[in-house]
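Structural description and commentary
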Amino acid sequence: MKRQTIIICFAALLLLLANCSQQSPNSPEGTVVTIRASLKGLGVGSDIVKVILKVSGDDFDTLTHQLQLEQGEATAEIEIPFGSNRHFAMSAFNSDSVVLYQGETTANVIAGVPTEVVIYLEPQVTMLRISPMYSETLLGSTDTFKVMIHHIDSLFGIALRIRYDPEIISITGVIPGDVFSSADFIFFPWVDSDYVALGYSLQARQDTLGVNLPQGVSPRSATIAEIVYEARGLGPTTLNFLQEEGKSPKLIDWQGNPLPRQEHLYIENGEVEVYGP
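Residues numbered from 1 in each chain as written. Predicted model: local features only at pLDDT ≥ 70, side-chain atom pairs only at ≥ 80, totals over all residues. Heavy atoms only, no water.

Let's talk about the overall build of the chain
Along the chain, the regular secondary structure elements total one helix and 23 strands. Residues classed as buried in the chain amount to 46% of the 277 residues present. Counted over contacts in the chain with a minimum sequence separation of 6, partners at least 24 positions apart contribute 70%. For the chain, the computed accessible surface area is about 14,000 Å², with 47% contributed by carbon and sulfur atoms. (Helix = DSSP H or I, 4+ residues; strand = E, 2+ residues; numbered from the N terminus. Buried < 20%, exposed > 50% of the residue type's maximum accessible area, 1.4 Å probe, protein only. Contact = heavy atoms within 4.5 Å. Areas by Shrake-Rupley, 256 points an atom, 1.4 Å probe, with all protein chains shown as cover.)

What to know about the pattern of salt bridges
Enumeration over the complete set of coordinates arrives at six salt bridges. The salt bridge partner of R86 is D59, with a shortest N-O separation of 2.8 Å. Of this pair, R86 sits in strand β8 (residues 83–93) while D59 sits in the loop between β5 (50–57) and β6 (60–70); the two residues are 27 residues apart in sequence, bridging distant segments of the chain. For D59, a relative accessible area of 56% gives the class exposed. The shortest N-O distance in the salt bridge between D153 and R261 comes to 3.8 Å. With D153 in the loop between β14 (142–150) and β15 (157–163) and R261 in the loop between β21 (250–252) and β22 (266–268), this pair connects stretches of sequence that are 108 residues apart. Look at R261 and you get partly exposed, because its relative accessible area is 45%. (Salt bridge = Lys/Arg side-chain N within 4 Å of Asp/Glu carboxyl O.)

Thoughts on the packing of aromatic side chains
Within the structure shown, the criterion is met by four aromatic pairs. Summarising the aromatic geometry, the rings of F180 and Y200 are spaced 4.9 Å apart at their centres and angled 75° between planes, so their arrangement reads as edge-to-face. Placement of the pair is F180 in the loop between β16 (169–176) and β17 (185–191) and Y200 in strand β18 (residues 195–202), with a sequence separation of 20 residues. Judged by its relative accessible area of 1%, F180 is buried. Residue classification places Y200 among the buried residues on the basis of a relative accessible area of 1%. Ring geometry for F185 and Y200: centres 5.2 Å apart, planes at 80°, overall edge-to-face. Pair noted here: F185 is in strand β17 and Y200 is in strand β18, with a separation of 15 residues, a long-range link. (Phe/Tyr/Trp six-rings, centres within 6.5 Å; stacked < 30°, edge-to-face > 60°.)

Observations regarding the nonpolar core
Judged by nonpolar contacts, the single largest core of 38 residues is most densely connected at V147, L198 and I224. Those elements giving two or more residues to this core turn out to be β12 (127–131), β14, β15, β16, β18, β19 (221–231), β20 (235–241) and β23 (270–275). Element by element, the count of residues in this core is highest for β19, at six residues. Among all residues touching L198, those that are not within four sequence positions of it are V147, I158, A159, L160, V174, F187, F188, P189, I224, A225 and I227. One finds A37, V51, A76 and L100 within the second-largest nonpolar core, a separate group that totals 29 residues. (Core = buried A, V, L, I, M, F, W, Y, C linked by side-chain atoms within 4.5 Å.)

So, the confidence of the model for the chain
For the chain, mean pLDDT is 83; residues scoring 70 or higher make up 82% of the total. Here residues 1–27 is modelled with pLDDT under 50, and outside its nearest four sequence neighbours on either side it reaches 89 contacts, counting other chains as well. (pLDDT = per-residue confidence, 0-100.)

Observations concerning the layout of surface pockets
In this model, the largest pocket occupies a volume close to 310 Å³. V44, G45, S46, M133 and E268 are, among the 15 residues lining the largest pocket, the residues nearest its centre. Residue assignment for the lining of the largest pocket shows that the elements contributing at least two residues are α1 (39–42), β20, β22 and β23. Split by residue class, the lining of the largest pocket holds four nonpolar, seven polar and four charged. (1 Å grid on protein atoms, 1.4 Å probe; cavity = no way out; pocket = protein on both sides within 12 Å on 5 of 7 lines; lining within 4 Å. Points joined across faces, edges and corners; volume = space filled by probe spheres on them. Nonpolar A, V, L, I, M, F, W, Y, C, P; charged D, E, K, R; others polar.)

Some points on the sheet that holds β16
Sheet architecture is open: five strands sit in the order β16-β19-β14-β12-β22, paired in mixed fashion. Bordering the open sheet on either side are β16 and β22, each of which pairs with just one other strand. Adjacent strand axes in the sheet meet at a mean angle of 20° when their direction is disregarded. With three bridges joining them, β12 and β22 adopt parallel strand pairing. What sits directly across from M127, in β22, is Y266. (Pairing = 2+ DSSP bridges. Axes fitted to C-alpha atoms, helices over the stretch in contact; angles between N-to-C directions.)

Let's talk about unusual backbone geometry
Phi is mostly negative for residues that are not glycine, and the peptide bonds are mostly trans. At the junction of S131 and P132, the peptide bond is cis and its omega measures out at 0° in the coordinates. Among the secondary structure elements, P132 is positioned in the loop between β12 and β13 (134–138). Note that the residue after L259, namely P260, is joined by a cis bond; omega there is -10°. Take P260: it is sitting in the loop between β21 and β22. In the Ramachandran plot, H151 falls in the positive-phi region, its phi being about 55° despite a non-glycine side chain.

Okay, structure coming up:
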């Protein structure tokens with residue numbers, strides 16, 4: 001069996017499985033692959049303490065492997081039988097055994113044929129996050145990041161602030177996202193010296209007596225805003241949601257009640273690293 005290395009692509013797990021032996025494509029044997037995945041490159045946060053990968057098929061029992069985590073890198077060695085319709089599923093857990101991210105896909109694994117398997121990890125909980133979580137930008141160029149919301153119910157209004165290092169990036173534009181795009185809304189961004197503030201709300205609907213009607217959106221995944229920035233200095237900067245007293249993110253329903261009602265709001269910050277030409 002040949003030993004292969006798994007290559008990582010930002011926000012996705014990219015497996016290149018290529019067996020260079022002379023085995024027949026119908027061989028029942030498999031190939032041992034080595035997984036090396038940067039959690040930051042996968043687009044998941046530092047709260048992850050366990051990553052499970054399952055590989056299954058009609059002709060073999062499900063293979064379950066817990067990736068070893070060390071200094072932000074997840075590793076494992078897995079023997080995958082050759083064949084069609086191999087199902088790959090990955091789950092990332094926090095210290096409370098909550099599945100924060102999950103993804104799955106199906107691919108054929110054939111001896112002698114390079115196989116690309118991409119697993120996109122998507123949030124499974126109520127989450128406010130920066131996307132991409134990590135990006136590299138050339139000095140002097142313009143780039144963007146998104147502010148995303150996931151698994152929220154009855155959302156009517158949003159207020160938040162994101163802090164950054166003004167010596168590394170400069171905010172040059174703020175574009176409303178699609179979270180309220182199907183209805184009338186009010187959007188008011190504000191760029192300060194070292195943070196950008198966002199206010200985003202639906203416009204209240206009223207009945208004939210002027211009484212506000214129930215309303216809101218419940219997206220599984222939506223963009224609150226797209227932030228445009230210019231890379232002005234070398235080095236990294238974090239993109240942190242402010243969580244100080246009176247400045248933490250606020251999500252409300254149409255009656256002004258805080259959201260989410262019963263669930264924890266998970267927050268994932270981001271990072272931009274500016275590099276030279």
